[in-house]
Amino acid sequence: QVQLVESGGGLVQAGGSLRLSCTASGRTSRMGWFRQAPGKEREFVAAISWTGRTTSYADSVKGRFTISRDNTKNTVNLQMNSLKPEDTAVYYCAAGMGFGVGDSSGEYNYWGQGTQVTVSS
């Protein structure tokens, strides 16, 4: 069983930046970030393969968010720039044992508790 712990959420003004981090208690393969806004379903944000050579982003965050990982520390990061009020959500770290990247929640085996990101206008 792998446990995931997120950090780095908070309140920021529109146009600002935040960096989310997630630390896994063990080795994982693909890792990703999802988010869920009030009254909406959980949606894919970004994913990264084990090697870090393959990444995937939701269209809504392309060019603004960057996912990265450090396998020596079992961490994955999400750098979020040019934040918009519509980015407000609880952000969840996810880890899966499959190869490559995945953009659906069913492709991940483990989930963090979530961290709140609030972007004010």
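What counts and how
Residues numbered from 1 in each chain as written. Predicted model: local features only at pLDDT ≥ 70, side-chain atom pairs only at ≥ 80, totals over all residues. Heavy atoms only, no water. Helix = DSSP H or I, 4+ residues; strand = E, 2+ residues; numbered from the N terminus. Rg over C-alpha atoms; globule rule 2.2 N^0.38 Å. Buried < 20%, exposed > 50% of the residue type's maximum accessible area, 1.4 Å probe, protein only. Contact = heavy atoms within 4.5 Å. Areas by Shrake-Rupley, 256 points an atom, 1.4 Å probe, with all protein chains shown as cover. Lys, Arg positive; Asp, Glu negative; His and termini not counted. Charge placed at Lys NZ, Arg CZ, Asp CG, Glu CD. Pairing = 2+ DSSP bridges. Disulfide = S-S within 2.5 Å. Salt bridge = Lys/Arg side-chain N within 4 Å of Asp/Glu carboxyl O.

(A) Highlighting the overall build of the protein chain. If you tally the helices and strands in the protein chain, you get 0 helices and 11 strands. Reading the helices (α) and strands (β) of the protein chain from amino to carboxyl end gives β-β-β-β-β-β-β-β-β-β-β. For 121 residues, the compact-globule estimate of 2.2 N^0.38 gives 14 Å, and the C-alpha radius of gyration of the protein chain, at 13 Å, lies within 12% of that figure. Overall, the C-alpha framework of the protein chain stretches about 40 × 25 × 25 Å when taken along its three principal axes. Taking all 121 residues of the protein chain together, the buried fraction comes to 45%. Expressed as a percentage of contacts within the protein chain between residues at least 6 apart in sequence, the contacts between residues at least 24 apart total 59%. Accessible surface computed for the protein chain: about 6,200 Å², of which carbon and sulfur atoms make up 45%. Treating the 12 positive side-chain charges of the protein chain as one cloud and the 9 negative ones as another, the clouds have centres 7 Å apart.

(B) Representation of the environment of Leu18 within the structure. Of note, Leu18 is situated in strand 3 (residues 18–24). A relative accessible area of 15% means that Leu18 is categorised as buried. Placed 51 residues apart in sequence, Leu18 and Arg69 show a C-alpha to C-alpha distance of 16 Å. Not counting residues up to four positions away in its chain, the partners in contact with Leu18 are Gly8, Gly10, Val12, Leu78, Gln79, Met80, Leu83 and Val117.

(C) Up close: the pairing of strand 5 (residues 43–48). A large share of strand 5 lies buried, amounting to 5 of its 6 residues. Taking the residues that link successive antiparallel strands as the turn, the strand 4 (residues 31–36)-strand 5 hairpin has 6 residues, and the phi of Gly39 there is positive, at about 75 degrees. Bridge analysis of strand 5 against strand 6 (residues 55–57) gives 3 bridges, and the strand direction is antiparallel. From the neighbouring strand, Ala47 faces strand 6, where its bridge partner is Ser56.

(D) Expanded view of the environment of Gly15. As for its placement among the helices and strands, Gly15 is situated in the loop between strand 2 (10–13) and strand 3. Separated by 66 residues in the primary sequence, Gly15 and Asn81 have C-alpha atoms spaced 7.1 Å apart. Setting aside chain neighbours within four positions, we find Gly15 in contact with Ser82 and Leu83.

(E) Inspection of the state of the cysteines at higher detail. For the coordinates displayed, the defined rule picks out 1 disulfide. Each sulfur in the disulfide pair Cys22 and Cys93 lies 2.1 Å from the other. Between Cys22 and Cys93, the disulfide has an S-S torsion of -80 degrees and is therefore left-handed. Taken together, the positions of Cys22 in strand 3 and Cys93 in strand 9 (residues 89–95) put the pair 71 residues apart, joining distant regions of the chain. The same class applies to Cys22 as to Cys93, namely buried.

(F) Layout of the pattern of salt bridges. Considering all chains together, one arrives at 4 salt bridges under this definition. Among the ionic pairs, Arg35 bridges to Glu43, the shortest N-O distance being 2.6 Å. Classification of Glu43 as partly exposed rests on a relative accessible area of 36%. Each of Arg35, Glu43, Arg64 and Asp87 takes part in salt bridges that share partners, so that together they form one network.

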